[in-house]
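Observations on the model geometry
Letter by letter, the chains look like this.
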Amino acid sequence: MAAEQRHVDVVYRRLAELRDAAAGAQRAGYGHREATVPGAQFERDVFVYNAAKRIADIDAQHEGLVFGRLDLRDSGDADRVDADERPPAAAPKDVAEGEVKVRHIGRLGLRDSDYRPLLIDWRAPAAAPFYQATAADPQGVIRRRVIRCSGQRVTDVTDDLLDPTESGYAVVGDGALMAALTRRRTGRMRDIVATIQAEQDAAIRAPARGATVITGGPGTGKTVVALHRAAYLLYSDRRRFEGAGILIVGPSDVFMRYIERVLPSLGEDTAALYSLGDLYPGVTTDRRDSPSVAAIKGGLRMRKVLSRAARLAPAGVPTELSIVYKGEVLRLAREELAALRTQVHAKGMKPNTAKLEAGRALLVGLWRKAKPIVPDLVPAEFSRELGGRNEFLAFLDRWWPMQSPVDVLPTLADRRRLAEAAQGAFHRGELAELAESFGKEFTVSDVPLLDELDQLLGREPKQPTRQVKEHQGVQELTTIQDRMFTRAPRAHRGADYSEYAHVIVDEAQDLSPMQWRMLGRRGQIAGWTVVGDAAQSSWPDPAESAAAQRAALGRGPQHRFHLSTNYRNSAEIFDYAAEVVREAVPDADIPDAVRRTGVAPRLLKVPADTLLTETAAQAGRALSEVEGVVGVIADPDRHSELAERLPQDDRVILVGPLESKGLEYDAVVVCDFPGLVERFTIRVGYVVLTRATQLLIQVDPDVR
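Now for a look at the structure at hand. Not measured: the values here are computed from a predicted model. (Residues numbered from 1 in each chain as written. Predicted model: local features only at pLDDT ≥ 70, side-chain atom pairs only at ≥ 80, totals over all residues. Heavy atoms only, no water.)

Structural notes on the overall build of the protein
Looking only at helices and strands, the protein has 27 helices and 21 strands in total. In the protein, which comprises 704 residues, the proportion classed as buried is 52%. Of all intrachain contacts in the protein linking residues separated by at least 6 positions in sequence, the fraction that spans at least 24 positions is 76%. Put simply, the protein shows about 33,400 Å² of open surface, and 50% of that area lies on carbon and sulfur atoms. (Helix = DSSP H or I, 4+ residues; strand = E, 2+ residues; numbered from the N terminus. Buried < 20%, exposed > 50% of the residue type's maximum accessible area, 1.4 Å probe, protein only. Contact = heavy atoms within 4.5 Å. Areas by Shrake-Rupley, 256 points an atom, 1.4 Å probe, with all protein chains shown as cover.)

Details of the pairing of strand E7 (residues 211–216)
For a regular strand, side chains alternate in direction, first toward one face of the sheet and then toward the other. Within E7, 5 of the 6 residues are buried, which leaves the element mostly enclosed by the surrounding structure. Pairing of E7 with strand E14 (residues 558–563), which is carried by 6 bridges, proceeds in the parallel orientation. Among the inter-strand pairings, Ala-211 is bridged to a residue of E14, identified as Gln-558. Bridge analysis of E7 against strand E13 (residues 527–532) gives 5 bridges, and the strand direction is parallel. What sits directly across from Ala-211, in E13, is Trp-528. (Pairing = 2+ DSSP bridges.)

Brief notes about the sheet that holds strand E21 (residues 692–702)
The 5 strands lie next to each other as E17-E21-E20-E18-E19, forming an open sheet whose pairing is parallel. Since the sheet does not close on itself, it has two edges, and those belong to strand E17 (602–607) and strand E19 (652–655), each with one partner. Here the strands of the sheet are splayed against their neighbours by 20 degrees on average, with no regard to which way each runs. The sheet contact formed by E17 and E21 spans 6 bridges and is parallel. Residue pairing in the sheet places Leu-603 in a bridge with Gln-698 of E21. In the packing of helix H23 (residues 571–584) onto the sheet, contacts are made with E17 and E21, and the angle to E21 comes to roughly 45 degrees. With respect to the sheet, helix H24 (residues 611–625) is in contact with E17, strand E18 (630–633), E19, strand E20 (665–671) and E21, its orientation differing from that of E21 by roughly 160 degrees. (Axes fitted to C-alpha atoms, helices over the stretch in contact; angles between N-to-C directions.)

Brief notes about the packing of aromatic side chains
Taken as a whole and assessed by the stated rule, the structure comprises 9 aromatic pairs. Centre to centre, the rings of Trp-122 and Tyr-131 are 6.5 Å apart; their planes meet at 90 degrees, and the pair counts as edge-to-face. By the burial criterion, Trp-122 is buried, and Tyr-131 matches it. One aromatic cluster in this structure is built from Phe-67, Trp-122, Phe-130 and Tyr-131. For Arg-341, the ring lying beneath its charged end belongs to Trp-399, and the centroid distance is 4.6 Å. (Phe/Tyr/Trp six-rings, centres within 6.5 Å; stacked < 30°, edge-to-face > 60°. Lys NZ or Arg CZ within 6 Å of the ring centre and 35° of its normal.)

Regarding the pairing of E18
Covered by surrounding structure in E18 are Val-630 and Val-632 together with Gly-631 and Ile-633, the residues of both alternating faces. Across 4 bridges, E18 lies against E19 in parallel orientation. The partner of Val-630 across the bridge, within E19, is Val-652. Alignment of E18 against E20, held across 4 bridges, turns out to be parallel. In the strand pairing of E20, Val-632 is matched with Val-669.

A word on the packing of helix H13 (residues 355–370) against helix H14 (residues 379–387)
At a closest axis distance of 11 Å, the pairing of H13 and H14 adopts a crossing angle of 120 degrees. Here H13 lies oblique to H14, going by the angle between them. Every pair of crossing elements has a handedness; the one defined by H13 and H14 is right-handed. Where H13 abuts H14, its residues Leu-363, Leu-366, Trp-367 and Ala-370 lie against Pro-379, Phe-382, Ser-383, Leu-386 and Gly-387. Partitioned by chemical class, the residues of the contact of H13 with H14 number 7 nonpolar, 2 polar and no charged. (Parallel < 35°, antiparallel > 145°, perpendicular 65-115°, else oblique. Left-handed = near helix turned anticlockwise from the far one by under 90°. Nonpolar A, V, L, I, M, F, W, Y, C, P; charged D, E, K, R; others polar.)

Description of unusual backbone geometry
Located in the positive-phi region is Asp-376, a residue other than glycine, with phi close to 55 degrees. By secondary structure assignment, the location of Asp-376 is in the loop between H13 and H14.

Describing the sheet that holds strand E5 (residues 141–150)
Sheet strands associate in pairs through backbone hydrogen bonding, adopting either a parallel or an antiparallel arrangement. Taken in spatial order, the 6 strands of this open sheet run E3-E4-E2-E1-E5-E6, and their pairing is mixed. The sheet is open, and its two edges are formed by strand E3 (110–111) and strand E6 (153–161), each paired on a single side.

Observations regarding the side chain of Ser-537
Relative to the assigned elements, Ser-537 resides in the loop between E13 and helix H22 (542–553). Polar side-chain contacts of Ser-537 include one of 3.1 Å to the backbone nitrogen of Trp-539. The contacts of Ser-537, once residues within four sequence positions are left out, are Gln-509, Asp-510, Thr-681 and Arg-683. (Polar contact = N/O pair within 3.5 Å; in protein donor to acceptor, adjacent residues only side chain to side chain.)

A closer look at H14
Within the span of H14, buried status applies to Phe-382, Leu-386 and Gly-387. All buried residues of H14 lie within an arc of 95 degrees about the axis, which places them on one face of the element. On its buried side, H14 packs onto strand E10 (321–325), strand E11 (328–332), H13 and helix H15 (390–399). (Arc of directions from axis to C-beta.)

So, the pattern of salt bridges
Working definition: two side chains of opposite charge can pair if their charged atoms are close together. All told, the structure shown has 41 salt bridges when counted by the stated rule. Asp-114 serves as the salt-bridge partner of Arg-116, at 3.4 Å between the closest nitrogen and oxygen. Overall, Asp-114 belongs to the exposed group, its relative accessible area being 51%. Of the charged contacts, one joins Arg-521 and Glu-452 as a salt bridge, the two residues approaching to 3.2 Å between their closest N and O atoms. Pair noted here: Arg-521 is in helix H21 (residues 513–522) and Glu-452 is in helix H19 (residues 447–457), with a separation of 69 residues, a long-range link. (Salt bridge = Lys/Arg side-chain N within 4 Å of Asp/Glu carboxyl O.)

Structure follows, in structure tokens:
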């Protein structure tokens, strides 16, 4: 530890020097206040921006900066470490193939004033053996060391000896991975840069082009691998992935809050994180429909329903047009207006872009009325005079209004209107359930429907605006700074931004076909990383969802990775969960749990009328048995009543079974597991049973 502390001190001294230099550059940039021409102003702003960004990067990586070290056989072209920088007795100097090379691995790359490497960025190719080397394939690594620090102080070192034929190598500790797995949880996901395993590293470093599909059972690290993959992509091609952006999509707001600090802890803060309930502009929701309604809304039958709904006459439009032309009253009745609307839609235009065509259709209808009764009718004169009247334009605005998806979808709460749009796609019971749900606040299942309607309705054409700039005389020559300074700003990456360079989808097994269509529109030119486990799926028709996924990912190459080790659960907890799911899902992907604690799950049966009270009592007991977070998983319909009984402690978190996906807690108390399975399926029950790292308590009603 003392030897490693000396190197860590060297690294932090160099980091302080670089931060001081960046701060000085920032101050110098601010000092150029006299810059008056655009080129000089632009250069000053870029100077200040880059200095500020460098300071922010250094500050973000300050904690836990140095976390690894490799002792490798030196082939002669390796990084050189001077004797005054090498910790005393760090490694023997003679091995079979020459000098020993020492590499320290950290959160960023760092060189000394003579450009000799002090620290290798964990994403760099030179750092890959830290994650990929094994005893079977050591890749030249003799010893791998994980270094844990608190602030700038080394607190622990843990070694793996990958080449046991070499003598003189001390090995310290019992493995960094096991130490990380037994650490208490905080309610936020941590990065795993110090403990990435070989199979995880292969997925992280997969090619960016096409789709990378990562599968594996509970606790195999799929989510954290996907997040580290985002950091790796940004490192490997920053111009591309930071410029066009990376989108990360998760199942819920609870999940997004859980993972939101991982990328910033890796020094990356440019990725866009959205839950499935936030992907339509102006709508943010975490409300969920019942499983039966969610299944209806998520199926591809809704495409045709929404297509017809977008073409229905908006509620409250006028049903008759009367207008006077040259002393004659011209009338279009309800049936005639309906026929004209059908004609306009038959041209295939999106409703919000067809207003001009609707105006033409009205004029044609009025022309047919006027032709037999108005002598010497001139078509051009008729159209120009009648079409320019305020009363005609006012009628057109009311008869063919611009429609927003957030206005159209709630109109389907009218069962007759929904039935007209459905045209037999749903039976009576489904229509009743749908109509009732559309009459309430938007849910997560409504968001892809709004996005689909946005495509079907189209957007009102923007009127061209002419920008006039004042110039002092005529500028015959321009500089590159002038052109860059006046260029249009980069488009804002809102919820409907569709030009991402990469899209990462977590808990992909739960996405409905309509949700895949929504994501496909945002990743039309993107590479993909898709993470999931079929055994944990809550979607009832996997084949339909798989087809929609293939359509969204496109025809590019696919790279598949399977993670086979459960790092989250103790073997006692996971063996119980695996036994439960195997009965219902014989082909479930069951990973291997790597550690045992000797603590078996506690299964309690209590009288039904004391279920909530006992659940709360067990949560209080769990608080005294673990140092970290206690998750209580219960049916959302019971949350308000259960919350009143739970201990008032920040370490207790109450979630529903669907919201618990992707999360982990030191202890989990499950309220009425059979009831959760009956309502949400055994696959969701499997999720619930695999959230705990140390202690699982199941409290069920005694129904004997």
